[in-house]
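Structural overview for review
Below, each chain spelled out in residue letters.
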Amino acid sequence: MADQHAQSGDDNRPTEIPAIRWDEPPEGPVLVLLDQTRLPAEEVELVCTDAPALVEAIRTLAVRGAPLLGIAGAYGVALAAARGFDVEEAALSLAGARPTAVNLAVGVRRAREAYRAALARGGDQEQGAEAALAAARALHQEDAEASVRMAGQGLALLDELLPGGGHRLLTHCNTGSLVSGGEGTAFAVALAAHREGRLRRLWVDETRPLLQGARLTAYEAARSGMAYTLLTDNAAGSLFAAGEVDAVLVGADRIAADGSVANKVGTYPLAVLAQYHHVPFIVVAPVTTVDLGTPDGASIEVEQRAGYEVTEIAAPQVPVAGAEAGGGIPVAPLGTQAYNPAFDVTPPELVTAIVTDEGVVSPVTAEALGALCDRSRQVTI
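First, a word on what this report is: a plain description of the structure on this page.

Calculation criteria
- Residues numbered from 1 in each chain as written.
- Predicted model: local features only at pLDDT ≥ 70, side-chain atom pairs only at ≥ 80, totals over all residues.
- Heavy atoms only, no water.
- Helix = DSSP H or I, 4+ residues; strand = E, 2+ residues; numbered from the N terminus.
- Rg over C-alpha atoms; globule rule 2.2 N^0.38 Å.
- Buried < 20%, exposed > 50% of the residue type's maximum accessible area, 1.4 Å probe, protein only.
- Contact = heavy atoms within 4.5 Å.
- Areas by Shrake-Rupley, 256 points an atom, 1.4 Å probe, with all protein chains shown as cover.
- Lys, Arg positive; Asp, Glu negative; His and termini not counted.
- Charge placed at Lys NZ, Arg CZ, Asp CG, Glu CD.
- Phe/Tyr/Trp six-rings, centres within 6.5 Å; stacked < 30°, edge-to-face > 60°.
- Axes fitted to C-alpha atoms, helices over the stretch in contact; angles between N-to-C directions.
- Parallel < 35°, antiparallel > 145°, perpendicular 65-115°, else oblique.
- Nonpolar A, V, L, I, M, F, W, Y, C, P; charged D, E, K, R; others polar.
- Pairing = 2+ DSSP bridges.

Quick notes on the overall build of the protein chain
When you go through the protein chain residue by residue, the secondary structure sums to 11 helices and 16 strands. Its C-alpha atoms give the protein chain a radius of gyration of 20 Å, within 12% of the compact-globule value 21 Å for 381 residues. Here the protein chain holds 381 residues, and 54% of them are scored as buried. Summarising the internal contacts of the protein chain: among those between residues at least 6 apart in sequence, 76% fall at separations of at least 24. Summed over its atoms, the accessible surface of the protein chain is roughly 16,200 Å², and 53% of this surface lies on carbon and sulfur atoms. If the 27 positive side-chain charges of the protein chain are averaged to one point and the 48 negative ones to another, these points end up 1 Å apart.

Comments concerning the packing of aromatic side chains
Centre distance and the angle of the planes are the two values used to describe a pair of aromatic rings. Going through the model one piece at a time under the given rule, you end up with 1 aromatic pair. Judged by centre distance (6.0 Å) and plane angle (25 degrees), the ring pair of Trp22 and Tyr75 falls under stacked. Here Tyr75 lies in helix α2 (residues 66–82) and Trp22 lies in strand β1 (residues 20–23), a separation of 53 residues in the sequence. Each member of the pair, Trp22 as well as Tyr75, is classed as buried.

Points about the environment of Ala62
Structurally, Ala62 is set in the loop between α1 (51–59) and α2. Discounting residues that sit within four places of it in the chain, Ala62 has contacts with Leu34, Asp35, Gln36, Thr37, Leu46 and Ala57.

A few points about the packing of helix α3 (residues 87–95) against helix α4 (residues 102–120)
The angle between the axes and the distance between the axes are what describe a pair of packed helices. Orientation of α3 relative to α4, taken along the N-to-C sense of each, is 170 degrees, at an axis distance of 9 Å. Considered as vectors, α3 and α4 are oriented roughly antiparallel to each other. On α4, the residues that touch Val87, Glu88, Ala91, Leu94 and Ala95 of α3 are Leu104, Ala105, Val108, Arg112, Tyr115 and Arg116. Among the residues making up the contact of α3 with α4, the classes are represented as 8 nonpolar, no polar and 3 charged.

A look at the pairing of strand β10 (residues 281–284)
Here β10 shows a buried face lined by Phe281 and Val283 and a second buried face lined by Ile282 and Val284. In the sheet, strand β7 (residues 247–250) pairs with β10 via 3 bridges, with the strands oriented parallel. Within β10, the residue paired with Leu249 across the bridge is Ile282.

Take it as geometry only, folks, not as evidence of what the structure does.
The structure is reproduced here in structure tokens:
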């Protein structure tokens with residue numbers, strides 16, 4: 001079987017990738033992103049000077065992943081304030097850029113509230129901008145700390161469910177440092193297992209149609225020296241049938257009050273396969289991804305993306321100036337309609353556990369999830 005072989009489990013070299021950073025050149029503050037649409041072919045930075053540029057980066061997936069979208073949203077509000085743009089207009093456009101990802105709206109709201117509070121205290125525009133930036137930086141740091149806690153709690157859960165180590169973990173989409181202020185969510189758990197010498201294999205779903213697993217998770221696993229193997233999404237069933245999967249680890253873009261999990265499309269079939277084959281299905285996400293205002297899975301708005309993402313294949317390459325959206329290699333007849341939801345929803349009865357930075361919920365129930373969020377708020381207060 002062709003795969004990537006692990007380096008030493010005690011390889012603790014830094015793996016954080018600068019997915020986002022605030023910079024203040026002489027011409028004014030900017031938000032600098034690692035353009036994830038260009039990975040793994042090249043590492044190229046994308047500079048945003050205003051909220052519309054950031055909105056476009058979010059919609060095109062140059063920046064993506066629930067926790068990082070929250071951080072980006074907060075920095076976007078700070079950027080608008082620092083450059084003298086309409087903060088309320090910027091906040092509204094940022095919050096709506098990707099409707100399923102609740103962290104985006106949470107980050108926007110946090111920076112906007114800090115900005116408003118500064119003005120309410122009699123501060124001027126500059127002080128409001130400073131307050132928004134401080135809120136964004138605090139959220140960035142908190143997410144890095146949350147990543148460490150999730151990794152520790154997730155690894156402890158794996159060791160409890162699968163004593164003896166040698167974990168063979170299947171993951172979907174991308175949940176590492178490219179989506180986080182730290183080392184990620186689900187990927188951070190696998191990385192912790194690798195560092196402790198308890199990861200035998202990381203199975204990486206391609207994650208069609210945009211290949212975030214193939215392009216991004218494999219990229220991060222290779223950088224970290226992990227033992228990993230890439231597979232097409234529709235090969236997962238045969239992998240389960242062969243007894244090659246010990247647990248499934250995925251992230252989340254929104255978790256409803258009843259424990260329903262919205263994540264990258266293709267997650268729900270994995271949960272069904274995991275239940276049939278009696279394999280733990282574990283969701284790893286910060287508590288900010290839990291949205292108690294969304295009562296159940298049916299209430300989650302699922303983003304529908306452009307059909308050309310399905311009807312064409314586009315390799316990560318340097319974009320051609322003036323090229324139309326899409327521009328990939330056609331794989332379907334001209335005019336073919338495509339069904340392209342960005343996410344699907346996994347019901348709570350298929351989820352073994354939800355690992356957050358504030359604790360583990362298992363079994364997954366509305367009551368247990370609500371109690372976790374209540375404890376989290378009390379700690380914050």
